[in-house]
Amino acid sequence: MPTDFDVIVIGAGPGGEVAVSRLVAGGLRVALVERELIGGECAYWACIPSKTLLRPPEARAEAAGAAGLSTPEQDWPALRDYRDYMIRHLDDAAQIDGYREQGATVIKAAARLTGRGPWRIEADGRQITTEHLVIATGSEALRPPIDGLDQVEVWTNREATTLREIPRRAVMIGGSAVGVELGQFLARMGSQVTIVQRGQRLLDREEHRLGELVADRLGKDGIDVRVGRQATAVRQEGDDTVVELDDSSRVHTDVMVLGAGRRPRTGDLGLDAVGIRANDRGALDVDMHCRVTDDGLWALGDVTGIALFTHVAQYQARVVADTILGTPRRADYTAIPRVVFAQPEIAAVGLTGEQAREQGINLATSELDLAASLARPWTYETEPTGHLGLLADRERRILVGAWAIAPQAGEWIHQAALAIRAQIPIDTLLDQVAQFPTYSEAYLKATERLDL
Ligand SMILES: Cc1cc2nc3c(=O)[nH]c(=O)nc-3n(C[C@H](O)[C@H](O)[C@H](O)COP(=O)(O)OP(=O)(O)OC[C@H]3O[C@@H](n4cnc5c(N)ncnc54)[C@H](O)[C@@H]3O)c2cc1C
Ligand SMILES: NC(=O)c1ccc[n+]([C@@H]2O[C@H](COP(=O)([O-])OP(=O)(O)OC[C@H]3O[C@@H](n4cnc5c(N)ncnc54)[C@H](O)[C@@H]3O)[C@@H](O)[C@H]2O)c1
């Protein structure tokens, strides 16, 4: 049966965008359906504004730590204007034109699935059919079960990244990527910040040691870090929002910011109408090609719940597009970098010690204090800190994981990512030569310390 399109992509976040461009370049008839803004969460309310906001406080702290420099002044209105420029003033007109020029049909409307065999969706009052349907609808902030949450003003990542004024006080619910990045940003801009973290450590999915080191750094920013704690209730008392914790303590604040995880956006897609079920976390389960079903339903990005990063959404988009275009690819998630853009940067890749032991790996680990071992930290800043940790498989003699907290760790963690992904033999790593004086020299020293 002829269809209106070869592929319809629902959702124009970074995942949907890459899929569309690749599929159009491959000569297919493609429609992109987006109900808000082309660019998705990442471009307007997540990665781009948060990294834009974090950079000046990072540069300021780095300047303060470089010999002979004074601390630069912070200019919030100028930073706010640049943030607004970077999020395109929440206007996607140029993006719509861009995709139309590429040859895609762009429909600005919410899509719902209405039929199968062929796939049919309803958008903007129209029914359209397609051979392949790609769901790339992303995720939204999870609202934890806290009494009174609906009665007070709460910021999700959207309000936090588009903020106009710096609040005097902020309570972050959740102490992982969102809580750490936005918590440090607010603290550096002068807010009094409390992080309430349910897990026993900050960044509780990462190596235990990293959580301790991060808590230490955030403590130096004056952030009140409460681990192993949850908010149970929240209420308004005059001008104050009062957050009650499970140890009966109370924190008075001006805003409460949610960073307690994400929920895939599948609820209003009409999946029931076509006999598809999301899993119990609301995500769409996919196979290694990102297929939901064998008859042309695909999913990519946050909606799959696999690893909620833009680079993963874009990778899955390449896998989906190439597979649809006739060059099947399998997604391999073994060496996806995970960077938290705090100052200094926090980076990890591959397995944690706990995950490696669960997999029965005979594990060798090492940790390097960068200031005690390298020249670069001292040429970089007057009070250097930083650590690199490595995890290796003794039997296969390859790296299986790495973590770091140090300046620019988000850049040089990619060496570990490549070593893990390509299974570079430890003996090759022991023969590497890194430029002197760089942070990259840490890899040789940390590899030499592995008890293999
Ligand atoms: C504060 C914050 C900072 C982050 N920083 C980083 C970072 O630095 N690096 C990184 O890699 N990741 C970061 N992330 C994660 C990153 O934002 C996501 O992983 C990424 O946006 C996922 O892309 P996506 O394409 O799957 O979905 P999204 O970006 O969520 O886009 C999905 C799109 O689908 C649309 N949509 C949904 N339902 C429908 C429907 N029914 N019909 C039509 N359209 C629909 C939505 O409107 C949206 O535009 C951050 C997240 C947060 C919250
Ligand atoms: N730099 C980046 O790449 C970046 C930055 C921000 C966000 N992200 C992505 O966005 C996603 C969402 O980030 P996130 O930090 O919101 O979620 P997350 O799922 O990474 O972590 C949520 C944290 O909140 C804690 N938590 C959960 N419920 C809680 C409660 N009721 N009270 C207190 N603490 C609670 C958990 O212990 C956990 O540590 C992540 O998967 C991350 O990959 C990436």
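Please read these numbers as outputs of a predicted model, since none were measured by experiment.

*Asks:* Just to check I follow, could you spell out the overall build of the protein for this structure?
*Replies:* Within the protein, the regular secondary structure consists of 15 helices and 22 strands. The globule rule puts the C-alpha radius of gyration for 452 residues at 22 Å, and the 23 Å found for the protein is close to it. Principal-axis analysis of the C-alpha atoms places the extent of the protein at approximately 70 × 65 × 40 Å. By the burial criterion, 46% of the 452 residues in the protein qualify as buried. If you take every contact in the protein between residues at least 6 apart in sequence, the share linking residues at least 24 apart comes to 65%.

*Asks:* Help me understand the UniProt feature "domain: Pyridine nucleotide-disulphide oxidoreductase dimerisation" (unreviewed entry) in the protein, please; the structure alone is not making it clear to me.
*Replies:* The UniProt record annotates "domain: Pyridine nucleotide-disulphide oxidoreductase dimerisation" (unreviewed entry) at residues 336-445. For residues 336-445, the end-to-end C-alpha separation is 23 Å, with 34% helix and 29% strand making up the annotated structure.

*Asks:* Where do I start with the sheet that holds strand 21 (residues 387-393) in this structure?
*Replies:* Through backbone hydrogen bonds, the strands of a sheet pair up, either in parallel or in antiparallel fashion. If you walk across this open sheet you meet the five strands as 18-19-22-21-20, and the pairing is antiparallel. Two strands close off the open sheet at either side, each with one partner strand: strand 18 (338-340) and strand 20 (363-369). Ignoring which end each strand starts from, the neighbouring axes of this sheet average 10 degrees apart. For strand 21 and strand 22 (residues 398-406), the ladder comprises seven bridges, and the chain directions are antiparallel. Within strand 22, the residue paired with His387 across the bridge is Ile405. Sitting on the sheet, helix 8 (residues 208-220) is in contact with strand 19 (345-350), strand 20, strand 21 and strand 22, with an inclination near 5 degrees to strand 22.

*Asks:* Would you mind showing me how to read the environment of Thr379 here?
*Replies:* The residue Thr379 is located in helix 12 (residues 376-380) in this model. The exposure class assigned to Thr379 is exposed, which follows from the 12 C-beta atoms found within 10 Å. In this structure the C-alpha to C-alpha distance between Thr379 and His132, which are 247 residues apart in sequence, comes to 55 Å.

*Asks:* What is the right way to read the sheet that holds strand 9 (residues 169-173) from this model?
*Replies:* Taken together, five strands build an open sheet; the order of strands is 8-15-9-10-11 and the sheet is parallel. Every other strand in the sheet has two partners, leaving strand 8 (154-155) and strand 11 (224-227) as the edge strands with one partner each. Sheet topology note: the strand 10 (residues 192-197)/strand 11 ladder contains four bridges and is parallel. When the bridges of strand 11 are listed, Ile195 appears paired with Val225.

*Asks:* Could you clarify how one ought to interpret the site of ligand 2 in this entry?
*Replies:* Near ligand 2 there are 25 residues, and of these Gly174, Ser176, Arg198, Gly199 and Leu308 occur at the shortest range. Contributions of two or more residues to the shell around ligand 2 are made by helix 7 (177-188), strand 10 and strand 18. The biggest single contributor to the shell around ligand 2 is helix 7, with four residues. The residue inventory of the shell around ligand 2, partitioned by class, reads twelve nonpolar, nine polar and four charged. Each of domain 2 (149-260) and domain 3 (338-448) contributes no fewer than three residues to the shell around ligand 2.

*Asks:* Help me understand the nonpolar core, please; the structure alone is not making it clear to me.
*Replies:* Proteins that are soluble and globular tend to have nonpolar side chains buried together. Val257, Ala402 and Ile413 are the most contacted members of the largest nonpolar core, which totals 75 residues. Taken domain by domain, this core gets at least three of its residues from each of domain 2 (149-260) and domain 3 (338-448). Setting aside its immediate chain neighbours within four residues, Ile413 contacts Pro337, Val339, Ala347, Val349, Ala402 and Ala404. Counting residues in each nonpolar core, the second largest holds 57 residues, with Ile10, Ile38, Ala123 and Trp298 among its members.

*Asks:* So what exactly am I meant to see when it comes to the packing of helix 1 (residues 14-25) against helix 9 (residues 310-324) here?
*Replies:* When two helices pack together, their arrangement is captured by the angle between the axes and the distance separating the axes. At a minimum axis distance of 8 Å, the contact between helix 1 and helix 9 shows a crossing angle of 30 degrees. Judged on the interaxial angle alone, helix 9 and helix 1 are roughly parallel. Handedness of the crossing formed by helix 1 with helix 9: right-handed. Contact with helix 1, carried on its side by Pro14, Gly15, Val18, Ala19, Arg22 and Leu23, involves Thr310, Ala313, Gln314, Gln316, Ala317, Arg318, Val320, Ala321 and Ile324 of helix 9 and no other residues of that element. Of the residues in the contact of helix 1 with helix 9, the class split is nine nonpolar, four polar and two charged.

*Asks:* Hey, could you run me through unusual backbone geometry in this one?
*Replies:* Glycine aside, a negative phi is what most residues show, and trans is what most peptide bonds show. Cis geometry marks the peptide bond from Gly117 to Pro118; its omega dihedral reads 0 degrees. Secondary-structure assignment places Pro118 in the loop between strand 4 (111-115) and strand 5 (119-123). Cis geometry marks the peptide bond from Gln343 to Pro344; its omega dihedral reads 0 degrees. Relative to the assigned elements, Pro344 resides in the loop between strand 18 and strand 19.

*Asks:* Just checking my understanding: could you explain the confidence of the model for the protein for this structure?
*Replies:* Low-confidence regions, as indicated by low pLDDT, have predicted coordinates that should not be scrutinised in detail. Residues of the protein with pLDDT of at least 70 account for 100%, and the chain-wide mean is 97. ipTM for the predicted complex: 0.99, alongside a pTM of 0.98.

Reading guide: rules and limits
Residues numbered from 1 in each chain as written. Chains lettered and ligands numbered in written order. Predicted model: local features only at pLDDT ≥ 70, side-chain atom pairs only at ≥ 80, totals over all residues. Helix = DSSP H or I, 4+ residues; strand = E, 2+ residues; numbered from the N terminus. Rg over C-alpha atoms; globule rule 2.2 N^0.38 Å. Buried ≥ 20, exposed ≤ 12 C-beta atoms within 10 Å, placed from the backbone. Contact = placed C-beta atoms within 7 Å. UniProt positions renumbered as here; feature names shortened; annotations may be inferred. Pairing = 2+ DSSP bridges. Axes fitted to C-alpha atoms, helices over the stretch in contact; angles between N-to-C directions. Near = placed C-beta within 6 Å. Nonpolar A, V, L, I, M, F, W, Y, C, P; charged D, E, K, R; others polar. Domains from an automatic or database assignment. Core = buried A, V, L, I, M, F, W, Y, C linked by C-beta atoms within 7 Å. Parallel < 35°, antiparallel > 145°, perpendicular 65-115°, else oblique. Left-handed = near helix turned anticlockwise from the far one by under 90°. pLDDT = per-residue confidence, 0-100.

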